[in-house]
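Per-entry structural report
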Amino acid sequence: MTSELLNNRYRILQALGSGGFGETFLAEDTHLPSGRPCVVKQLKPIAQNPEINRLVQERFHREAAILEELGMEIDQIPQLLAYFQEENRFYLVQEWIAGISLKDYLQQQGKLLEREAREFVISLLQVLQQVHHRGIIHRDIKPSNIMVRQQDGKPILIDFGAAKEMMTLVDAKTPVQSIAIGTPGFMPPEQMGGHPVFASDLYSLALTIIHAFSGKLPYELPRHSGTGMLDWQALPPISPGFALVLQRAIHYSWHDRYPSAEAMLEALLTNPIDLQFSRLPADQTLTLPTPHSPLPRVATPQPNSPAAHPTPHRQQHRPQKNPNPPNHIKKLQK
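Read on for a plain summary of the structure. Quick caveat: nothing in here was measured; it's all calculated off a predicted structure. (Residues numbered from 1 in each chain as written. Predicted model: local features only at pLDDT ≥ 70, side-chain atom pairs only at ≥ 80, totals over all residues. Heavy atoms only, no water.)

Examined against the element boundaries, Phe242 turns out to sit in helix 7 (residues 240-249). Residue classification places Phe242 among the buried residues on the basis of a relative accessible area of 3%. Along the chain, Phe242 and Arg115 lie 127 residues apart, while their C-alpha atoms are 10.0 Å from each other. Sequence-distant contacts of Phe242, defined by excluding residues within four places in its chain, comprise Glu114, Ala117, Arg118, Val121, Ile209, Phe213 and Leu268. (Helix = DSSP H or I, 4+ residues; strand = E, 2+ residues; numbered from the N terminus. Buried < 20%, exposed > 50% of the residue type's maximum accessible area, 1.4 Å probe, protein only. Contact = heavy atoms within 4.5 Å.)

What follows is the structure, encoded as structure tokens:
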């Protein structure tokens, strides 16, 4: 990337990541006095011809409208701030979430306790309820696509697969649904075949949570010699009810998983945690603490502005910051 402004507005500050479908950057919005930080996703189609470019443009507009709706109505999804096209590249501009990815959190803070993991999956199932009700499948749930928001410890779901899917269009006759979008290990069998369903997100979420409290990546988990199912429940021991919910969610066949996020959520809420495994007082409710890390300075922010509190990755602007954070967050702020 050059130092020129994208769309005559967004100045790239640093790269945040790259993949097969494009790159992600931290940028500043030069049209705002605060130089508000934002995330710019650059997407590049696989095929290069006028007919495909037209189809991609149409789908890009449609998917951007969906992302805008999701971000406006669901607090735990980043807001879409803008979208545009320059040359043969497509760009999404989203709010920057102040916090840390679950992947980085686990590397820095260690594995989650069972009670933390349970609260975490309950929160994300509530998000998926709303997403699936709109007919959207995320298709790439994994630790690096979940942000732990500094402000309140809530998990934020980022990087929906639909934006990547439209970049895979190779001709006007091949349906993009036939292309596998997702991450090996966290992606269920039907999604690897290019046919994701709502239960595919539940599979990915359950494996993400199993990784969060076991420390094992999916390919590191043993498989039962008789059934071929992942055999993870002793890594470490957890409450039988919680284990049964997660085990059903990662069943090989999507027909045998929970039919919806609501059904999985209900199963969790009706299977109370077993305190012999929780290692925490029964009446204690946790929100995930978030460590602070420096971010490159993007502008001279005004006092109390969102840009005045930099932390890695993306910043959330909708809710007001809690002036009295929980004690476990206060300890990390010292």
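Read on, since the account is not over.
Counting residues in each nonpolar core, the largest one holds 59 residues, and the members touching the most others are Leu125, Phe213, Trp232, Phe242, Leu246 and Met264. Secondary structure elements with two or more residues in this core: helix 1 (50-73), strand 5 (89-95), helix 2 (102-109), helix 3 (114-133), strand 7 (146-149), helix 6 (198-214), helix 7 and helix 8 (261-269). Counting eleven residues, the second-largest nonpolar core is a separate cluster that includes Leu6, Ala82, Phe84 and Tyr91. (Core = buried A, V, L, I, M, F, W, Y, C linked by side-chain atoms within 4.5 Å.)

Before going further, it helps to spend a moment on the pattern of salt bridges. Tallying each qualifying case throughout the model produces nine salt bridges. Here Arg134 makes a salt bridge to Glu73, at a shortest N to O gap of 2.3 Å. A residue pair is termed long-range when its members are at least 10 positions apart, and Arg134 in the loop between helix 3 and strand 7 and Glu73 in helix 1 qualify at 61 residues. Residue classification places Glu73 among the partly exposed residues on the basis of a relative accessible area of 47%. For the salt bridge of Lys142 with Asp140, the shortest nitrogen-to-oxygen distance reads 3.8 Å. With a relative accessible area of 17%, Lys142 lands in the buried category. Accessibility expressed as a relative area gives 3% for Asp140, which makes it buried. A cluster of three or more residues bridged by salt bridges with shared partners is formed by Glu69, Glu73 and Arg134. (Salt bridge = Lys/Arg side-chain N within 4 Å of Asp/Glu carboxyl O.)

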